[in-house]
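Examination of the molecular architecture
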Amino acid sequence: MTILVVEDEIKITRFIKKGLEMEHYTVDTAYDGEEALDKIEINDYDLIILDIMLPKINGIEVCAKVREKKIEAPIIMLTAKDTVDDRIKGLDAGADDYLVKPFAFGELLARIRALLRREKTTKATKLKVGDLVLDPATHEVFRGDKEIELSSKEYRLLDYMMRRPGNVCTRTMIGEHIWGYNFNDDSNVIDVYISYLRKKIDTGFNKKLIHTIRDVGYKIQYKSRPINR
Ligand code: CA
């Protein structure tokens, strides 16, 4: 499950991001309306948390534009004060829910779960690559009949790659999405986590699913013929 948090107050963004990551969500961030729209167009988010007061393009306009583009991801609006006016504008623009700041984090989580549950009934959410299955609703991962236990970072890394089967995930993409924008590209942390994932997912199986693209990154793919890597 990938959630986009759009909020220009860095403290609040960090707080939400950290909290959601503890719950195994993958979190992307945007700090103004323009950046948000760019990212929403490129990426496939499961849910968007959208502040109303934003630089460049405000949250209500962002929401309206997202819906114009027929992007159906649920949107939770954040409002600074509980003015009926903002709430109505937000809901009219196509938001699904709203929260008044300051809010209890548990309440945000409950709203997210409710919206994602609603989504789940309309679309199948299980990710599959060959016989590897990841269920974002339950966070269960199976390779064939074998259940695989993953740490929070391993889970998010796998979720990220399984949403892009057959496509190269560069170190930068992985770093920014899993470790955030302060990611230090010189470290070998990604390679270390990939090796953990390989041990859990590929070791003992004939078909390897995680492939190294030398000097670039990794991809997850099920191929019926062997790969020379
Ligand atoms: Ca704001």
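Everything that follows concerns the structure shown earlier in this document.
Structure report, in brief. Bear in mind the structure is a predicted one, so any value in this text is a computation, not a measurement.

**Notes on the coordination of the calcium ion**
Around a metal, the perfect tetrahedron of four donors has angles of 109.5 degrees, and the perfect octahedron of six donors has angles of 90 or 180 degrees. Each protein donor to the calcium ion is listed here as Glu7 (OE), Asp8 (OD), Asp51 (OD) and Met53 (O); together their distances run 2.1 to 2.6 Å. Mapped onto the polypeptide sequence, the residues donating to the calcium ion form the spacing pattern E-D-x42-D-x1-M. Of this pair, Glu7 sits in the loop between strand 1 (2–6) and helix 1 (10–22) while Asp51 sits in strand 3 (residues 47–51), and the two are 44 residues apart along the sequence. Residue Glu7 is classed as buried on the basis of its relative accessible area of 0%.

**Here's the deal with the pairing of strand 11 (residues 210–213)**
Relative to strand 12 (residues 217–220), strand 11 runs antiparallel, the two being bridged by four bridges. Each bridged residue has a counterpart across the sheet, and for Thr212 the counterpart in strand 12 is Tyr218. Taking the residues that link successive antiparallel strands as the turn, the strand 11-strand 12 hairpin has three residues, and the phi of Asp215 there is positive, at about 70 degrees.

**Comments concerning the sheet that holds strand 7 (residues 132–135)**
Here four strands make up an open sheet; going across it, the order is 6-7-8-9 and the pairing antiparallel. A strand with exactly one partner marks an edge of an open sheet, and here the two such strands are strand 6 (127–129) and strand 9 (146–147). One ladder, built from four bridges, connects strand 7 with strand 8 (residues 140–143); its direction is antiparallel. By the bridge assignment, Val133 is partnered in strand 8 with Phe142. Running over the sheet, helix 6 (residues 152–162) touches strand 6, strand 7 and strand 8 and is turned about 110 degrees from strand 7.

**Describing the side chain of Asp159**
Mapped onto the secondary structure, Asp159 falls in helix 6. Polar contacts involving the side chain of Asp159 include one to the side chain of Arg163, which spans 2.8 Å. Not counting residues within four places of it along the chain, the set of residues in contact with Asp159 comprises Met1, Thr2, Thr26, Leu127 and Leu134.

Thresholds, definitions, all that
- Sequence positions are assigned chain by chain, starting from 1 and proceeding in written order.
- Selection of residues for local features in this predicted model requires a pLDDT of at least 70, selection of side-chain atom pairs for listing and counting requires 80 or more, and totals for whole chains, interfaces and linings are taken over all residues.
- Computation of side-chain values covers all heavy atoms of the structure but excludes hydrogens and water.
- Note that water is not among the atoms used; donors are N, O and S atoms within 2.8 Å of the metal (3.2 Å for Na, K and Ca), so sites may look incomplete.
- Numbering of helices and strands runs from the N terminus; a helix is a DSSP stretch of H or I covering at least four residues, while a strand is a stretch of E covering at least two.
- Per-residue accessibility, obtained with a 1.4 Å probe over protein chains only, is compared with the maximum for each type, and a residue is labelled buried under 20%, exposed over 50%, and partly exposed between these values.
- In short, DSSP must find at least two bridges between two strands for them to pair.
- In this analysis, two residues are considered to be in contact whenever any of their non-hydrogen atoms come within 4.5 Å of each other.
- Working convention: axes come from line fits to C-alpha atoms, limited for helices to the stretch in contact. Angles between N-to-C directions cover 0 to 180 degrees.
- Definition of a polar contact: a pair of N or O atoms within 3.5 Å, with one able to donate and the other able to accept a hydrogen when the atoms are protein atoms, and with sequence-neighbouring residues admitted only if both atoms are side-chain atoms.

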